[in-house]
Amino acid sequence: MTKLDFGSALKIARTARSMSQQELAEKSNVDRSYVSLLETNKRSPSTGLLETFSRVLEVPPFLLVLLASRSDSSQKGHIALDSVAKSLLALALEDAVPS
């Protein structure tokens, strides 16, 4: 079973939004140090917090899970998954930009 790397997923989505840890923390009503702990995988987010981050970052929750599952690219099939995850993130970011 693949271990989910929510820390990397969160950081990828946050930096794709050009958002600092402080900005994400304020908009998610958590402390910046907690965001840091999450991004370094010293803590795991609750389902509710994952949904909050998803809303704040304007990406679907499934995409954060997909990004989290792509962390072990040494396993067969994960290189393709990595490419799909990054492509979906790019599409999600495009869709969130106001016209």
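Residues numbered from 1 in each chain as written. Predicted model: local features only at pLDDT ≥ 70, side-chain atom pairs only at ≥ 80, totals over all residues. Heavy atoms only, no water.

**Notes on the packing of helix 1 (residues 6–16) against helix 4 (residues 47–57)**
Consideration 1: At a closest axis distance of 10 Å, the pairing of helix 1 and helix 4 adopts a crossing angle of 20 degrees. Classed by the angle they form, the pair helix 1 and helix 4 counts as roughly parallel. The two elements helix 1 and helix 4 cross, and the hand of that crossing is left-handed. Here F6, L10, A13 and R14 of helix 1 come into contact with helix 4, specifically with L50, F53 and L57.
Consideration 2: Looking at side-chain class alone, the contact of helix 1 with helix 4 contains six nonpolar, no polar and one charged residues. (Axes fitted to C-alpha atoms, helices over the stretch in contact; angles between N-to-C directions. Helix = DSSP H or I, 4+ residues; strand = E, 2+ residues; numbered from the N terminus. Parallel < 35°, antiparallel > 145°, perpendicular 65-115°, else oblique. Left-handed = near helix turned anticlockwise from the far one by under 90°. Contact = heavy atoms within 4.5 Å. Nonpolar A, V, L, I, M, F, W, Y, C, P; charged D, E, K, R; others polar.)

**So, the nonpolar core**
Consideration 1: L10, L24, F53, L57, V59 and L63 are the most contacted members of the largest nonpolar core, which totals 23 residues.
Consideration 2: In this structure F53 touches L10, L24, S28, L38 and L64, once residues within four positions along its chain are discounted. (Core = buried A, V, L, I, M, F, W, Y, C linked by side-chain atoms within 4.5 Å. Buried < 20%, exposed > 50% of the residue type's maximum accessible area, 1.4 Å probe, protein only.)

**Observations regarding helix 2 (residues 21–28)**
Consideration 1: By the burial criterion, the buried members of helix 2 are Q21, L24, A25 and S28. Taken around the axis of helix 2, the buried residues stretch over an arc of 100 degrees, which confines them to a single face. Of the residues in helix 2, the exposed ones pointing more than 90 degrees away from the buried face are E26 and K27.
Consideration 2: Positive backbone phi, approximately 60 degrees, marks N29, located one or two places after helix 2. (Arc of directions from axis to C-beta.)

**Overview of the confidence of the model for the protein**
Consideration 1: Scored by pLDDT, the protein comes out at a mean of 82, with 76% of its residues at no less than 70.
Consideration 2: When pLDDT is averaged over each helix and strand of the protein, the minimum, 65, is found for helix 6 (residues 78–96) and the maximum, 98, for helix 2. (pLDDT = per-residue confidence, 0-100.)

**Describing the environment of A9**
Consideration 1: With respect to the helices and strands, A9 occurs in helix 1.
Consideration 2: Given a relative accessible area of 1%, A9 falls into the buried group.
Consideration 3: For the pair A9 and L38, spaced 29 residues apart in the sequence, the C-alpha separation amounts to 10.0 Å.
Consideration 4: If we ignore the near neighbours within four places in the chain, the residues touching A9 are L64, L67 and A68.

**Structural notes on the pattern of salt bridges**
Consideration 1: By the definition in use, this model includes one salt bridge.
Consideration 2: One salt bridge in this structure joins E39 and R14, with 2.6 Å as the shortest N-O distance. Taken together, the residues E39 in helix 3 (residues 32–39) and R14 in helix 1 connect sequence positions 25 residues apart.
Consideration 3: A relative accessible area of 8% means that R14 is categorised as buried. (Salt bridge = Lys/Arg side-chain N within 4 Å of Asp/Glu carboxyl O.)

**So, helix 4**
Consideration 1: Along helix 4, the residues classified as buried are L49, L50, T52, F53, S54, V56 and L57.
Consideration 2: For helix 4, the elements touching its buried residues are helix 1, helix 2, helix 3 and helix 5 (61–69).
Consideration 3: Where helix 4 ends, the next residue or the one after it, E58, has phi of about 60 degrees, a positive value.

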